[in-house]
Each structure stands twice: as C-alpha cells, then as structure tokens.
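Breakdown of the fold
Given next are the chains, with one letter for each unit.
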Amino acid sequence: MRKLLVLFLAFAAGVAHAGAREQMDVFSNGVQGLAASFEQRVYDADGTLKETSSGTVQLQAPRQFRWEYVKPYPQLIVADGDHIWIYDPDMEQVTVRQQSLEEQNSPLAMLIDIGQMERQFKVTEGGQGQGLAWLELVPRKPDEAPFDRARLGFGPAGLARMEMFDGLGQRTVMGFSSWKRNPAFAAGTFTFVKPEGVDQIGEVAESAQVIPLRD
C-alpha cells in the first residue's frame, strides 16, 4: 500500500511540474467535446472588480458552443456553427448574428483544435504561478482579435483558469471546474429556437437550419 501511495504521489508531482504545453496536450488529446462549470470576474484597468458571474460551458468540435450564465442574471449564448444566439430571458429578447472568426477562434475553443491554436496565436510557456503551469497566447492578427493577449493556467485536472487582457486594460478572469471530456451532449444542445413571445434582433440566413433546443 505504501509503495502504491509513493508511486501516486510521484505521478501527481510530475503532472504538477510539467510544462503548460505538455499539460494542455494531455488534456486535449482525443477531445471532440468538453463541458465544465465556470466562475467569471471582470476587472477594470485599475484592478477594481466590476462584475462577477457563474454558469456552465459546453464545447463541441469544430465550432459549436453553449455558454449559459446562471448567476447573477440568466443569459444563454449558443453557437450552432453558423450563427450566434444571445438570449436574455429577463428582457424577453434574443439577438442573432453570423458567427465571426474571433468567436470561432477563442482560446477556449482552441482546446478542441490544438492545430488551430498554433495558426491563430503565438504560443509560449509562461512558467509556474499560483500552483498552475501557464501558457501565453498572443493573436497573430491583433486587429481581428477581441483581446491583446491571453493566459491559460493548467493544473492536474486540466484547464483551471483563463485570463484575457484587452486594449483598455480590462482583465477577464475565468475559473473552471468539473471538466467532462467527450460527454454525451443532449440533442439540441448547440441549437436554438426562439421562445414564443420573445423579440428577435437580427436575421438568420436562409441556408441555416434552426432545431429546437428540446422536445
């Protein structure tokens, strides 16, 4: 028993001290879909906390995602691969628009397409800090990116933290937990249909198909 414990601790220590790129490769290997819970904090240029929120995120290759804020106010963002749907239940309003490249090529989406990450970002090791191994990402086309740079922090359980910095000095920090690799997504997870009585801003291209979220 003691020998097994020693081996386990040695393995855990090796993961904790592995480079961030190595940890990302292990975390993303064979992944076509991911799901997790998140907590988000937004700081202004002076470092003052301006917003906090939490919810769940689901990703599926090649470019679909479902981002659902639960607290403090509900909001649902669904990307079906062609369009982005932003639904605000309190306002009874949904906004729809074409899914842009900057949304398809976010650092989080890159976790299910490592090759695309290298094409879109300059990726370097950021060293150890806060108990995590960090990767630094700088957009190769700054004019097409919504942030100046990003940092991904990896721990033994995978991606634990993401930080994004914009040109105005604002910093968005996201903490992730309870990752699920290749989960069985429910039918309609990455599609959206406008609820009855909800106003819609924007139009959908005729070629796009919208499937109800649930039966």
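Residues numbered from 1 in each chain as written. Predicted model: local features only at pLDDT ≥ 70, side-chain atom pairs only at ≥ 80, totals over all residues. Heavy atoms only, no water.

Using the following cut-off: UniProt positions are given in the numbering used here, feature names are shortened, and annotations may be inferred rather than shown by experiment.
In the annotation of an unreviewed UniProt entry, the chain is listed under the name Outer-membrane lipoprotein carrier protein and assigned to Arenimonas metalli CF5-1. Per UniProt, the chain carries the Sequence similarities (unreviewed entry) text "Belongs to the LolA family." Entered under Subunit (unreviewed entry) in the UniProt record, the comment concerning the chain runs "Monomer."

Looking at the environment of W67
Here is the rule: Secondary structure elements follow DSSP: runs of H or I no shorter than four residues count as helices, runs of E no shorter than two count as strands, and numbering proceeds from the N terminus. Residue contacts follow a heavy-atom distance rule, with two residues in contact if any of their heavy atoms lie within 4.5 Å. Here a polar contact is recorded for every N or O atom pair within 3.5 Å, except that within protein the pair must consist of a potential hydrogen donor and a potential acceptor, and residues adjacent in sequence are included only if both atoms are side-chain atoms.
Considering the arrangement of structural elements, one finds W67 in strand β3 (residues 64-71). Residues in contact with W67, not counting those within four places in the same chain, are F38, Q40, T56, V57, Q75, L76, I77, L108, M174 and F176. A distance of 3.2 Å separates polar atoms of two side chains, one belonging to W67 and the other to Y69.

Some points on the side chain of Q64
With respect to the helices and strands, the residue Q64 is situated in strand β3. Polar side-chain contacts of Q64 include one of 2.8 Å to the side chain of Q60. Within polar-contact distance, the side chain of Q64 engages the backbone oxygen of D80 at 3.4 Å. Excluding anything up to four places from it in sequence, Q64 contacts Q58, L59, A79, D80, G81 and F190.

Quick notes on the nonpolar core
Counted only if it meets this: Side-chain atoms within 4.5 Å link the members of a nonpolar core, which is a set of buried Ala, Val, Leu, Ile, Met, Phe, Trp, Tyr and Cys residues. Buried, partly exposed and exposed residues are distinguished by accessible area as a fraction of the type maximum, computed with a 1.4 Å probe on protein chains only: under 20%, between the cut-offs, and over 50%, respectively.
By size, the foremost hydrophobic cluster in this structure holds 36 residues, and its most contacted members are W67, L108, F154, L159 and F176. Setting aside residues up to four positions removed in sequence, F176 forms contacts with S37, F38, V57, W67, L108, L159, A160, R161 and M162. Of all hydrophobic cores here, the second largest spans eight residues; its members include V78, V94, V96 and F192.

Examining the packing of aromatic side chains
Rule in force here: Aromatic pairs are defined between Phe, Tyr and Trp rings, using the six-membered ring for Trp, whenever the two ring centres lie within 6.5 Å; interplanar angles under 30 degrees are classed as stacked, those over 60 as edge-to-face, and all others as tilted. Put simply, a charge is over a ring when the Lys NZ or the Arg CZ is close to the ring centre, within 6 Å, and near the line of the ring normal, within 35 degrees.
Taken as a whole and assessed by the stated rule, the structure comprises 10 aromatic pairs. Centroid distance F27 to F154: 6.5 Å. Interplanar angle 65°. Geometry classified as edge-to-face. Of this pair, F27 sits in helix α2 (residues 20-28) while F154 sits in strand β9 (residues 149-155), and the two are 127 residues apart along the sequence. Both residues of the pair, F27 and F154, belong to the buried class. What links up through ring pairs into an aromatic cluster is the set F27, F154, F176 and W179. Across from the ring centre of W134, 3.9 Å away, lies the NZ or CZ of R151, which sits over that ring. Between R171 and the ring centre of Y43, over which it is positioned, the NZ or CZ distance is 4.5 Å.

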